[in-house]
Amino acid sequence: MPSPSGPPLVFKNVRAIDPHLGLDAEVDVVIEKGVITRSGRGAASSFEGLAAAKVVDGAGRWLLPAFVDLHAHLREPGYEYKEDIASGLEAAARGGYAHICVMPNTKPVNDTRAVTEMMLRRAAEVGGTRLHPIAAITRGQAGQELTEMAELRAAGAVAVSDDGVCVMSSAVMRRALEYAKNFDLPVIQHAEDHDLTLGAQMNEGATSARLGLRGWPRVAEDIIIARDVLLAEYVKARYHAAHISTAGAARIVREAKSRGLPVTCEVTPHHLLLTDAAVIGYETACKVNPPLREESDIEALQNALADGTIDAIATDHAPHSSLEKDCEFEEASPGMMGLELCFGLLLELCSRSPLKLPRLIDALSTAPARIAGLTPPSLREGALAEVVLVSPEATWVPKTEALASKSRNTPFLERTLKGRVLLTMADGAIAFDGLKS
Ligand code: DOR
């Protein structure tokens, strides 16, 4: 496998698209020792190292800045039967990701330097896609005592979050925002008023009434985001809302941004594509938290993504085994896997929604990198090679036996997707090479 020390890599006649460079052109891109050294029309023919290079035919393919995921659950330590760092990073590489930020709801919770360091050590052993731990906001994600954020930051955490549960106390949230600000750590909130969602199984509406399942009202999300925006404004701190799912959440974030507040948010592929009708039949693969909403929310989320109100697309890759999913709906754990499917699921939105391709690429790569404080992947000459080669026309079908993740909890198995990741470079080396198979 070519590495920073391996032979040069040349993408010939590829459509290179990097919205932040204003680049959208058919060019050759040369990578030597893990760095993009040349890019331009005919750049390969004047490259003296061509004979020794691995040459990839770029015709009909796109080369993009590799993707960055702000929100994945890799389950190690503690739940390695669902996913571990090795299988999760392999899934990420197949999905086009050079970087993934991983949530702390492991066992033990990542609320200490020891767990953060262990995750980084394990990821370094595995190689490929880079892993960035997100540490907990509160000890044990119990919502009371703040973690040692200075220490966690020094150990390598890029953000803090109690994802999976909400920081319910306004006082604790205020202190978290104030404290995290000292270390420039974004505070990522799982926005859910647990008093309003007690026992909830799915979105509250006509479908929950029909299925006899207790509903999770939209206002439980909106109320927390509205409160947090006020707190972030009050203490002048950065705030990021995870996996927003409602039209109301998009409206609150839009208003906050219009007032210049340092508020950002993300959306998942499933909240952009599926309504709560997908739950009919008690489909546990479609049980997620926050729940799938309704057509009007999807439309609002797609518009908010298109106009930049929603900064980033995050997978919320949440692998669960058949133990947690092949059971009664009320017993099932919420979550859907997403790393390997995200690009193939979302590309089609560019042809049937207000979302345009440059914004999609930004939301998958540059915008999340900036939120996490990472250097955004770029196609500029001199940049570290963190690129993804995709075929926009290739159709493919996610098959149970062909996924790298240990889990299979997605309703998108056996669906035909258009747009496929062919090759991913992370940290200057090839992390996934789908051209070989
Ligand atoms: O659906 C979800 N699953 N939402 C979360 O916030 C947590 C996640 C998990 O850890 O499974």
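Residues numbered from 1 in each chain as written. Predicted model: local features only at pLDDT ≥ 70, side-chain atom pairs only at ≥ 80, totals over all residues. Heavy atoms only, no water.

Peer 1: Got a sec to walk through the state of the cysteines? Specific residues and values, please.
Peer 2: Linking two cysteines covalently via their sulfur atoms produces the bond known as a disulfide. What the rule picks out here adds up to zero disulfides. Looking at the unpaired cysteine 286, the closest cysteine sulfur is the one in cysteine 327, lying at 14 Å. In this model cysteine 342 remains outside any disulfide bridge; the closest cysteine sulfur is found in cysteine 350, 12 Å from its own. (Disulfide = S-S within 2.5 Å.)

Peer 1: Please provide a residue-by-residue account of helix 9 (residues 295-306), values included.
Peer 2: In a regular helix each residue adds 1.5 Å, so 12 residues correspond to 16 Å; helix 9 covers 17 Å between its end C-alpha atoms and thus fits that length. The set of residues buried in helix 9 consists of Asp297, Ile298, Ala300, Leu301, Gln302, Ala304 and Leu305. In this fold, the buried residues of helix 9 make contact with helix 7 (247-258), strand 14 (263-267), helix 8 (269-273), strand 15 (312-313), helix 12 (349-352) and helix 13 (357-364). Glycine 308 sits one or two positions beyond helix 9 and adopts a positive phi of about 90°. (Helix = DSSP H or I, 4+ residues; strand = E, 2+ residues; numbered from the N terminus. Expected span 1.5 Å × (residues − 1). Buried < 20%, exposed > 50% of the residue type's maximum accessible area, 1.4 Å probe, protein only. Contact = heavy atoms within 4.5 Å.)

Peer 1: Let's hear about the nonpolar core: which residues, and what values?
Peer 2: When a protein is soluble and globular, its nonpolar side chains tend to lie buried together. Ranked by internal contacts, the top residues of the largest apolar core, which has 96 residues, are Leu64, Leu177, Ile225, Ile244, Ile313 and Leu346. Ranked by residue count, the leading element in this core is helix 6 (residues 219-235), at six residues. Excluding residues within four positions of it along the chain, isoleucine 313 makes contact with Val68, Asp69, Val267, Pro269, Leu305, Cys342, Leu346, Leu360, Ala363 and Leu364. (Core = buried A, V, L, I, M, F, W, Y, C linked by side-chain atoms within 4.5 Å.)

Peer 1: How would you explain the site of the ligand if you had to name every residue and give the values?
Peer 2: Not every one of the 14 residues close to the ligand is listed here, only the nearest: Arg75, Asn105, Asn289, His320 and Pro334. Note that an oxygen atom of the ligand is positioned 3.4 Å from one of the side-chain N or O atoms of histidine 243. The contact in question runs from an oxygen atom of the ligand to an N or O atom on the side chain of histidine 320, over 3.0 Å. Relative to its unbound accessible surface of 290 Å², the ligand loses 94% to contact with the protein. Along the lines of polarity and charge, the residues of the shell around the ligand split into three nonpolar, eight polar and three charged. (Near = heavy atom within 4 Å. Polar contact = N/O pair within 3.5 Å; in protein donor to acceptor, adjacent residues only side chain to side chain. Areas by Shrake-Rupley, 256 points an atom, 1.4 Å probe, with all protein chains shown as cover. Nonpolar A, V, L, I, M, F, W, Y, C, P; charged D, E, K, R; others polar.)

Peer 1: Could you give an account of unusual backbone geometry, naming the residues involved and the relevant values?
Peer 2: Cis geometry is found at the peptide bond from glutamate 76 to proline 77, where omega equals 10°. Looking at the element boundaries, proline 77 is found in the loop between strand 6 (67-72) and helix 1 (85-94). With an omega of 0°, the peptide bond running from lysine 107 to proline 108 counts as cis. Tracing the backbone through its elements, the reader meets proline 108 in the loop between strand 7 (97-102) and helix 2 (113-126). Even without glycine at this site, lysine 33 takes up a positive phi of about 45°. Examined against the element boundaries, lysine 33 turns out to sit in the loop between strand 2 (23-32) and strand 3 (35-40).

Peer 1: Please provide a residue-by-residue account of helix 2, values included.
Peer 2: Along its 14 residues, helix 2 runs 20 Å from first to last C-alpha, staying within 8% of the 20 Å computed at 1.5 Å per residue. Residues Val115, Thr116, Met119 and Ala123 constitute the buried set of helix 2. Viewed along the axis of helix 2, the buried residues span an arc of 105°, placing them on a single side of the element. Projecting away from the buried face of helix 2 at angles above 90 degrees are the exposed residues Ala114, Arg121, Ala124 and Glu125. (Arc of directions from axis to C-beta.)

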